[in-house]
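In case you want the letters, here they are:
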Amino acid sequence: MDKATILVVDDTPGNIDILVGILSNDYKIKVAIDGPKALALAQKNAPDLILLDVMMPGMNGYEVCERLKTDPLTCHIPVIFVTALAETADETQGFALGAVDYITKPVSAPVVQARVKTHLALYDQKRLLEQEVKARTKELEETRFEIIRRLGRAAEYKDNETGLHVIRMSHYARLLAVQSGLPDKYCDLIYNAAPMHDIGKIGTPDSILKKPAKLDKHEWKEMQCHAEIGAKIIGEHKDPLLKMAKRIALSHHEKWDGSGYPNGVAGTDIPIEGRIVAIADVFDALTSIRPYKKAWTVADTMALIESESGKHFDPELVEHFKQILAEVTQIRDEHHET
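Residues numbered from 1 in each chain as written. Predicted model: local features only at pLDDT ≥ 70, side-chain atom pairs only at ≥ 80, totals over all residues. Heavy atoms only, no water.

A. Just empty space enclosed by the protein, in detail. Taken as a whole and assessed by the stated rule, the structure comprises 1 cavity of 30 Å³ or more. Taken as a whole, the largest cavity encloses approximately 40 Å³ of empty space. Around the largest cavity sit Glu254, Lys255, Trp256, Ile270, Arg275, Ala278, His312, Phe313 and Asp314, which together line it. Across the lining of the largest cavity, the residue classes tally to 4 nonpolar, 1 polar and 4 charged. (1 Å grid on protein atoms, 1.4 Å probe; cavity = no way out; pocket = protein on both sides within 12 Å on 5 of 7 lines; lining within 4 Å. Points joined across faces, edges and corners; volume = space filled by probe spheres on them. Nonpolar A, V, L, I, M, F, W, Y, C, P; charged D, E, K, R; others polar.)

B. Broad picture of the sheet that holds strand β3 (residues 49-52). The parallel open sheet is built from 5 strands, whose spatial order is β2-β1-β3-β4-β5. Each edge of the open sheet carries a strand with a single partner, namely β2 (28-32) and β5 (101-104). Strand after strand, the sheet turns through a mean of 20° between neighbouring axes, direction not considered. Where strand β1 (residues 5-9) lies against β2, 5 bridges are found, and the strand directions are parallel. Looking at the pairing, Thr5 lines up with Lys28 of β2. In the packing of helix α1 (residues 13-23) onto the sheet, the strands contacted are β1, β2, β3 and β4 (79-83), and the crossing angle to β2 comes to about 170°. Lying on the sheet, helix α3 (residues 61-70) is in contact with β3, β4 and β5; it crosses β4 at an angle near 175°. (Pairing = 2+ DSSP bridges. Helix = DSSP H or I, 4+ residues; strand = E, 2+ residues; numbered from the N terminus. Axes fitted to C-alpha atoms, helices over the stretch in contact; angles between N-to-C directions. Contact = heavy atoms within 4.5 Å.)

C. Helix α15 (residues 325-334), seen in detail. Within α15, the full set of buried residues consists of Val328, Ile331 and Arg332. One side of α15 holds all its buried residues, which, seen down the axis, span an arc of 100°. The exposed set on the far side of α15, more than 90 degrees from its buried face, consists of Ala326 and Glu334. Where α15 is buried, its residues touch α6 (165-179), α12 (272-286), α13 (298-307) and α14 (315-323). (Buried < 20%, exposed > 50% of the residue type's maximum accessible area, 1.4 Å probe, protein only. Arc of directions from axis to C-beta.)

D. Main features of the environment of Ile234. Relative to the assigned elements, Ile234 resides in helix α10 (residues 226-234). Taking relative accessible area as the criterion, Ile234 reaches 11% and is therefore assigned buried. In this structure Ile234 touches Met196, Ile199, Leu242, Ala245, Lys246 and Ala249, once residues within four positions along its chain are discounted.

E. Seen up close, the pattern of salt bridges. Enumeration according to the criterion identifies 16 salt bridges in this entry. Notably, a salt bridge pairs Asp101 with Arg115, separated by 3.2 Å at the nearest N-O pair. Taken together, the residues span a long stretch of sequence, with Asp101 in strand β5 and Arg115 in helix α5 (residues 109-156) at a distance of 14 residues. For Arg275, the salt bridge goes to Asp314, with nearest N and O atoms at 2.8 Å. One end of the pair, Arg275, is in helix α12; the other, Asp314, is in the loop between α13 and α14, with 39 residues separating them in the sequence. (Salt bridge = Lys/Arg side-chain N within 4 Å of Asp/Glu carboxyl O.)

F. Here's a closer look at the nonpolar core. Residues Ile190, Phe283 and Phe321 are the most contacted members of the largest nonpolar core, which totals 38 residues. When residues of this core are traced back to their parent elements, those giving at least two are α6, α7 (184-193), α11 (240-251), α12, α13, α14 and α15. Top element by residues in this core is α12. It accounts for 8 residues. Once residues lying within four places of it in the same chain are set aside, the contact partners of Phe321 are Leu176, Ile279, Phe283, Met302, Ile305 and Val328. Residues Ile50, Val54, Ile77 and Phe81 belong to the second largest nonpolar core, which totals 21 residues. (Core = buried A, V, L, I, M, F, W, Y, C linked by side-chain atoms within 4.5 Å.)

Below, the structure is given as structure tokens:
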């Protein structure tokens, strides 16, 4: 097992020599003679623990600790103050800044060894616990995402033979979000929320969804209700994924010119995720076989999407979609209906 690394910070070489002598048999030791050098070393290659003097010229130990604890790269490192300041107020200030312990000079070798060993063990335990929590959180998130995808596929099975539509269009939506320069976290969120876009179809009669002909006025009105039904199914929730899924369900049939449904929202008043999914959904619907039509070619589909730029679709997103068409086509081929 690799030895833990200790960073010793003190402006007096003799004090450094004492601590190095106490700890060098059991740990890798790095040293710094002032605050700026200590910060640079900690940021470049974070040690497992820092022994920090308080009374140093220029930047004192309290300032160094404060800087360490406000930097995301170093805030997790345990800091033990080693100082001649022995007043209760001094200790209190050190703990308030985030230090884990306080050793007074002159130091006792057994005390230093015991304190260092204890806090390294606590640090290792904390890191292990954090890793376990992250692993469990990731597992729960993956389970949640899979449930959402399957609910989306359940709705698609009512009018799509394999339910692959939600897989393809969620990939298209993510690619379009990436191409539009949206943050990585947002792109992942839309990928996982998009499969719920048509969950409201669960409330639409099969006689309408599977009708092998054009819908009449009454049937079309009932079909349009699936957007609001979907929003009601998803409901109100503080979870960002479910919030986005609800917005998508409610807005992905709105049109840029305001002629869409259910609320006739126009332009940028339509949530960006709704505008993105609108293009991804229509592209996949047109290039797929449906009970009432044959699959369109990619060329014909893109001609339609371009003709609807500024009417049905956000014109800027249409341009972004054209840039990713090769990737979209590849995904379509990988998840082709059979």
